[in-house]
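Coordinate inspection notes
So the chains spell out like this:
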Amino acid sequence: LLSLIWSNSHGSFLLLTTIIGIYIIGELLSRKLTRKWLWYRPAGPQISNQNLLGLLVVLIISLLTPLLTPNGYDTYFYPFKITFGKFTNYVSEYQHFWTVWTGDWTDYVLSFTLVLMAALFILFLFNIKRLHIRDLLLGAFFTLLALFTIRHTAIFALVALFLIVGYTKPLFGEYRGLLRRSLLKDILVMLLIVCIV
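Residues numbered from 1 in each chain as written. Predicted model: local features only at pLDDT ≥ 70, side-chain atom pairs only at ≥ 80, totals over all residues. Heavy atoms only, no water.

**As for the overall build of the protein chain**
The line we're drawing: Helical segments are the DSSP runs of H or I of at least four residues, strand segments are the runs of E of at least two, and each set is numbered from the N terminus. Accessible area is worked out with a 1.4 Å probe on protein chains only. A residue is then buried under 20% of its type maximum, exposed over 50%, and partly exposed in between. Contacts between residues were defined by any pair of non-hydrogen atoms, one from each residue, lying within 4.5 Å. Shrake-Rupley sampling with a 1.4 Å probe provides the accessible areas, and residues are treated as covered by the protein chains on show and by no other component.
Looking only at helices and strands, the protein chain features 9 helices and 0 strands. Its helices and strands in sequence order give the protein chain the pattern α-α-α-α-α-α-α-α-α, from N to C terminus. Looking at the protein chain as a whole, 34% of its 197 residues qualify as buried. A separation threshold of at least 6 residues defines the contact pool for the protein chain, and within that pool the share at least 24 residues apart is 66%. In the form shown here, the protein chain has an accessible surface area of approximately 13400 Å², with 73% of it arising from carbon and sulfur atoms.

Printed below as a string of structure tokens:
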């Protein structure tokens, strides 16, 4: 349903299909590597065979839904026509990251994006033994997307923050004493984060 609505209204509907595909491929590759390398233990829960089959069905449906749109099969090519179009180089949101970011650290959005990219890369390096292929593929895909077109920096930030939290959590262990977690402290921390953002 989401894919159908999105493909009717926006050219980036292929992102949805790509994410689902990455989850399927990442899970299958991680299973294969777990059997091949005994030291490799991917982070996060394993997707069950039943859920993997469900994702495959959703992937097929999301690939077919553009055919139900008024543009039909041309919907598949629309994102590429826009991205590689004749006048795309003149549209600011389709500029490359390095073209727009000139090393000016007062450009907080692009500087923050660069910090996120570095943090993601460093966390992946430190967690190489437990790095899930799915997370590596998601991180790489959305990093390349953000570097290729500046309009994808916001989507990259959402994905990167999600991945960073997953690999940062084990580093801190259990809170004790004054730092022991409680509902009140969690609410205060969330309010502080919202205020900073």
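Let's pick the thread back up.
**Examining the packing of aromatic side chains**
To keep things clear, this is the line we draw: Within 6.5 Å between ring centres, the rings of Phe, Tyr and Trp (the latter by its six-membered ring) count as paired, and their orientation is classed by plane angle as stacked under 30 degrees, edge-to-face over 60, tilted in between.
On inspection of all chains with the given rule, the structure shows 8 aromatic pairs. Ring centres of tryptophan 39 and tyrosine 40 lie 6.2 Å apart, and the angle between their planes is 80°; this geometry places the pair in the edge-to-face category. Between tryptophan 98 and tryptophan 101, the ring centres sit 6.1 Å apart and the planes meet at 65°, which makes this aromatic pair edge-to-face. Here the aromatic residues Phe97, Trp98, Trp101 and Trp105 are joined through ring pairs into a cluster of three or more.

**Observations concerning a nonpolar patch on the surface**
Our working definition: A patch consists of residues exposed above 30% relative accessible area that lack any salt bridge, with like charges linked at up to 9 Å and nonpolar side chains (Val, Leu, Ile, Met, Phe, Trp, Tyr) linked at up to 5 Å. For this analysis, a salt bridge means a side-chain nitrogen from Lys or Arg found within 4 Å of a carboxyl oxygen belonging to Asp or Glu.
Where nonpolar side chains cluster on the molecular surface, the patch consists of Leu53, Leu56, Val57, Ile60, Ile61, Leu64, Leu67, Tyr73 and Phe77 and spans about 890 Å² of accessible area. Ranked by residue count, the leading element in the nonpolar patch is helix α3 (residues 49-64), at 6 residues. Looking at the secondary structure, you find leucine 53 in helix α3.

**A look at the side chain of serine 111**
Our working rule: Nitrogen and oxygen atoms within 3.5 Å of one another constitute a polar contact, given that in protein one can donate a hydrogen and the other can accept it, and given that sequence-neighbouring residues count only through two side-chain atoms.
Locating serine 111 in the fold gives a position in helix α6 (residues 108-126). Its relative accessible area of 5% is what places serine 111 among the buried residues. Reaching out from serine 111, the side chain makes a polar contact with the backbone oxygen of tryptophan 105 at a distance of 3.4 Å. If we skip the residues at most four places from it in the chain, serine 111 touches Trp101, Asp104 and Trp105.

**A short note on the nonpolar core**
Just so we agree on the cut-off: Side-chain atoms within 4.5 Å are what join buried Ala, Val, Leu, Ile, Met, Phe, Trp, Tyr and Cys residues into a set we call a nonpolar core.
With 25 residues, the main nonpolar core has Leu120, Phe142 and Phe156 as its most contacted residues. Taken together, the elements giving at least two residues each to this core come down to α2 (14-36), α6, α7 (133-148) and α8 (153-172). With near-sequence residues (within four places) excluded, leucine 120 lies in contact with Gly139, Thr143, Phe156, Ala160, Leu163 and Ile164.

**Section: α6**
Every α-helical turn comprises 3.6 residues, leaving residues that sit three or four positions apart pointing alike. The test is simple: One less than the number of residues in a helix, times 1.5 Å, gives the span that helix is expected to have.
Compared with an ideal rise of 1.5 Å per residue, which puts 19 residues at 27 Å, α6 spans 26 Å between its outermost C-alpha atoms and is within 8% of the ideal. Along α6, the residues that are buried comprise Leu110, Ser111, Thr113, Leu114, Leu116, Met117, Leu120, Leu123 and Phe124.

**Topic: the side chain of glutamate 27**
Looking at the secondary structure, you find glutamate 27 in helix α2. Ignoring any residue separated from it by four or fewer positions in sequence, one finds glutamate 27 in contact with Gln46, Ile47, Leu52 and His132.

**Let's talk about the packing of α6 against α7**
What counts, and what does not: Each axis is a line fitted through C-alpha atoms, and for a helix only the stretch in contact is used; angles between axes span 0 to 180 degrees, taken between their N-to-C directions. Angle categories are assigned with fixed cut-offs, so that under 35 degrees is roughly parallel, over 145 is roughly antiparallel, 65 to 115 is roughly perpendicular, and the rest are oblique. The sense of a crossing depends on the near helix, which, turned anticlockwise from the far helix by less than a right angle, makes the crossing left-handed and, turned clockwise, makes it right-handed.
Look at α6 against α7: their axes get within 11 Å of each other, and the N-to-C directions meet at 155°. Between α6 and α7, the angle is such that the two are roughly antiparallel. Taken as a pair, α6 and α7 cross one another with a handedness that is left-handed. Of the residues in α7, those touching α6 at Met117, Leu120 and Phe124 are Asp135, Leu136, Gly139, Thr143, Ala146 and Leu147.

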